[in-house]
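Breakdown of the fold
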Amino acid sequence: MHTKRFLSVFAAGTLAAAAAAAQTTNFASSYNGASTSGGSCSMSYSIAGVEPSGTGPYPVFIYMVGTSETYNNAAAMAAVNDMASKGYVAASVDYAAAQFGTCSVLSAKSSCVFNPNSALSAVSQLCSRAKADCSKGIVVGGFSQGSILALLSKNFDARVQAAYGIGMSNVYATYDLSSCVSNGNRSLPSDRLRAVDGERDNFAGGAQSAVQASLQNVTGLKCTAGAYACMNGNNSGWIIVRNSQVADGSADHCYMRASGDCFGSQNSLDGNWNNGTANWAKDTNLQWLTNFTTK
């Protein structure tokens, strides 16, 4: 009898888990964005979305990938699926990601994504969905170049409430973006930002001290030298991922990839980032974003 009851409970739990996993649906759309050099919003780009199966309406989450990445890669869709399961109309937005750029170029790209006054912008396409209600708030995320587009998003749409940036810096090799991304130089306040970088992030200097200096520049939040996290009371702030925390032992710019640093596959994810519960893991940071929208 006990065995039968266990099997019955197990089967019910399995069905419930399967039902929970099935409570989202995929969708595809498009919008008009800028070219690699910025300019007008005249090029068509794809949107890969996931939304809850319920009627809603729901707040919106927008994610943008890094330079040379495909817009629907593993990290992007892991974030999108996670946020859809939390009750968001969630989407990864393609853009001219083949090349990086100056503040002017990146601002143009972000404007095309987040212009609420253009019916052809990505934010308008998503906010017009039947299940979306952007008055409940928009939260954003992104990696590398995409993290900068996310950081600049509130410059163009006041409904953006908070941002999660992976590989976010005020410097990227030869590009100094301090004039548009440093604390106080953009519309998004730093108490609505979580920036998470690896301690070997080569674009931010390749060492803990250089990465800390960059993160402090972006967030305006300073802690003692050698710190690996510096947080405000609402858990905004910055986090540095240690080499020992990732499976391949190298917390570089692409620490969310399983191996090979940024030369590794963008469709193979580090398990500790994708499924873990540490302060630098995907779900922990996405859950933090949910504090800034209404349901």
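I will try to describe carefully the structure that is included in this document.

Criteria and thresholds
- Residues numbered from 1 in each chain as written.
- Predicted model: local features only at pLDDT ≥ 70, side-chain atom pairs only at ≥ 80, totals over all residues.
- Heavy atoms only, no water.
- Phe/Tyr/Trp six-rings, centres within 6.5 Å; stacked < 30°, edge-to-face > 60°.
- Helix = DSSP H or I, 4+ residues; strand = E, 2+ residues; numbered from the N terminus.
- Buried < 20%, exposed > 50% of the residue type's maximum accessible area, 1.4 Å probe, protein only.
- Lys NZ or Arg CZ within 6 Å of the ring centre and 35° of its normal.
- Polar contact = N/O pair within 3.5 Å; in protein donor to acceptor, adjacent residues only side chain to side chain.
- Contact = heavy atoms within 4.5 Å.
- Pairing = 2+ DSSP bridges.

**A closer look at the packing of aromatic side chains**
Counted under the stated rule, the structure contains six aromatic pairs. Between Tyr255 and Trp280 the ring centres are 5.9 Å apart and the planes differ by 75°, which places this aromatic pair in the edge-to-face class. On the criterion of sequence distance, the pair formed by Tyr255 in the loop between strand E11 (237–241) and helix H8 (271–275) and Trp280 in the loop between H8 and helix H9 (282–289) is long-range, its members being 25 residues apart. The pair formed by Tyr255 and Trp280 is uniform in burial state, with each residue classed as buried. Through successive ring pairs, a cluster of aromatic residues spans Phe100, Tyr172 and Tyr175. It is Arg129 that lies over the ring of Phe27; its NZ or CZ is 3.6 Å from the centre. Against the face of Tyr228 rests Arg242, its NZ or CZ located 3.7 Å from the ring centre.

**Topic: the side chain of Ser169**
Inspection of the secondary structure assignment puts Ser169 in the loop between strand E6 (160–166) and strand E7 (171–172). Relative accessible area serves as the criterion here: at 1%, Ser169 is assigned to the buried category. Polar contacts involving the side chain of Ser169 include one to the main-chain carbonyl oxygen of Val171, which spans 2.7 Å. Each residue touching Ser169, except ones within four places of it in the same chain, is listed here: Ile148, Val181, Ala204, Ser214 and Val218.

**Examining the pairing of strand E9 (residues 193–198)**
Of all six residues making up E9, six are buried, and the element is well covered by its neighbours. Of the two faces of E9, both are covered, the one formed by Leu193, Ala195 and Asp197 as well as the one formed by Arg194, Val196 and Gly198. With four bridges connecting them, E6 and E9 associate as parallel partners. Bridge pairing in E9 links Tyr164 to Arg194.

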